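For reference, the chains in residue letters:
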Amino acid sequence: MCELFGSCSEHQLVLNKYLKEFYSHSPQHPNGWGLALLYGNEAHIEKEPLQADKSLCLRELLSVPVQERMVLAHIRYATIGNVEHRNCHPFTGKDCSGRRWTLIHNGTIFEYEPLSGMAARQLGDTDSERILLYLLEQMNREIRSKGILSAARRFQLLNEIICQMASGNKLNLIFSDGEYEYVHTNYANSLYQQLGRGQVIFSTQPLGGNGWEPVPMTTLLAYKDGRLVFTGTNHGEIYIDSEENMKYIYQIFAEL
């Protein structure tokens, strides 16, 4: 599986210590890395279809302070989608109001029919990119119908989508609309958080130090300035590996 990292804070944090440990896991996730620094409606994204600890580009990035109020990072273990730059996370795009959305995903969508319509629009082959495109489509539909959406209405719509999409699927997500950072997990022991005053850091595995605890499962959460602002519906759709699903993943991986 892939690994996710995210941070959301009131003030800029220097994250090199966390990121160096996070990317040190790349031998187990060798199919690409990505890093996004988010500020308002803009995102600075670097990514490569290369094992992170072999990347000269990443080494150079981490040689100077990496700091921003919201940061996303990803190391990829490819299941759906070839090992190519276009399939590396994060994925990003703007809705019709000009708001930028950026997303990283750890998991597999086994069946969710609404995503099938996104295949013709995506640049790569991953189900993760299709998730972002679908979120943008639903936001655009709501904006065209009702105008600019409040933060509460955006969260309500996202909560509805995630509750539906989680059924039968492995859906660990961290994504941002430039103002809020959204987090969801439905797979046990696969996403942790470290809470501080005006800051929160997320990681697939605890990254040194104390204070790490599991992210609440099966519930979409939204943070702003490092503080929990919105809590969604506990949909109860816990993903558990099954023999059928594992065969599906191995079959797809063998075709990469």
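Refer to the structure above for everything that follows.
The residue count restarts for each chain, going from 1 along the sequence in the order it is written. Given that this is a predicted model, residues contribute local features only at a pLDDT of at least 70 and side-chain atom pairs are listed and counted only at 80 or more, while totals for whole chains, interfaces and linings are drawn from all residues. No hydrogens and no water enter the side-chain calculation; it runs on all heavy atoms of the structure.

Asks: I'd love a proper account of the packing of aromatic side chains, names of residues and values included.
Replies: By convention, a stacked pair of Phe, Tyr or Trp rings (six-membered ring in the case of Trp) has centres within 6.5 Å and planes under 30 degrees apart, an edge-to-face pair has planes over 60 apart, and any other such pair is tilted. Under the criterion given, the structure shown has 16 aromatic pairs. Ring geometry for Phe22 against Tyr23: centres 5.2 Å apart, planes inclined by 65°, an arrangement best described as edge-to-face. Each of the two residues, Phe22 as well as Tyr23, counts as buried. Ring centres of Tyr187 and Tyr239 lie 5.7 Å apart, and the angle between their planes is 55°; on these two criteria the pair is classed as tilted. One end of the pair, Tyr187, is in the loop between strand E8 (181-184) and strand E9 (192-196); the other, Tyr239, is in the loop between strand E13 (227-231) and helix H5 (243-254), with 52 residues separating them in the sequence. This pair shows no difference in class: Tyr187 is buried, exactly as Tyr239 is. Here the aromatic cluster, defined as three or more aromatic residues joined through ring pairs, consists of Phe5, Tyr18, Phe22, Tyr23, Trp33 and Trp212. With a 1.4 Å probe rolled over the protein chains alone, any residue whose accessible area is under 20% of its type maximum counts as buried; one over 50% counts as exposed, and the rest are partly exposed. Every helix listed is a DSSP run of H or I at least four residues long, and every strand listed is a run of E at least two residues long, numbered separately from the N terminus.

Asks: Before we move on, can you summarise the pattern of salt bridges with the specific residues and values?
Replies: A pair is scored as a salt bridge if a Lys or Arg side-chain nitrogen falls within 4 Å of a carboxyl oxygen belonging to Asp or Glu. Taken as a whole, this structure holds 13 salt bridges when the rule is applied. Two residues, Arg99 and Glu179, come together in a salt bridge whose shortest N-O distance is 3.5 Å. Linking Arg99 in the loop between strand E5 (91-94) and strand E6 (100-108) with Glu179 in the loop between strand E7 (170-176) and E8, this pair joins segments that are 80 residues apart in sequence. Take Arg99: its relative accessible area is 18%, and that puts it in the buried class. The class of Glu179 is partly exposed, set by a relative accessible area of 27%. When salt bridges that share partners are traced, they join Arg99, Arg154, Asp177, Glu179 and Lys224 into one network.

Asks: With reference to specific residues and values, describe the sheet that holds E7.
Replies: Backbone hydrogen bonds are what pair the strands of a sheet, in a parallel or an antiparallel way. Only when DSSP finds a minimum of two bridges between them are two strands counted as paired. Read from one edge of the open sheet, six strands run E5-E6-E7-E8-E12-E13, paired in antiparallel fashion. Two strands close off the open sheet at either side, each with one partner strand: E5 and E13. Averaged over neighbouring strand pairs, the angle between their axes works out to 25° when direction is ignored. Note on contacts: a residue pair is in contact if any heavy atoms of the two residues lie within 4.5 Å. Between N-to-C directions, angles span 0 to 180 degrees; the directions come from axes that are lines fitted to C-alpha atoms, helices contributing only their stretch in contact. Seen against the sheet, helix H3 (residues 127-146) touches E5, E6 and E7 and runs at an angle of roughly 135° to E6.

Asks: Can you lay out the sheet that holds E9 for me, pointing to particular residues and giving the numbers?
Replies: In spatial order, the strands read E3-E2-E4-E1-E10-E9-E11; together these seven strands make up an open sheet with antiparallel pairing. Of all strands in the sheet, those with a lone pairing partner are strand E3 (42-48) and strand E11 (212-214), marking the two edges. This sheet shows a mean twist of 20° between the axes of neighbouring strands, independent of strand direction. Helix H1 (residues 16-23) rests against strand E1 (3-14), strand E2 (33-39), strand E4 (67-75), E9, strand E10 (199-203) and E11 of the sheet, and its axis sits at about 5° to E4.

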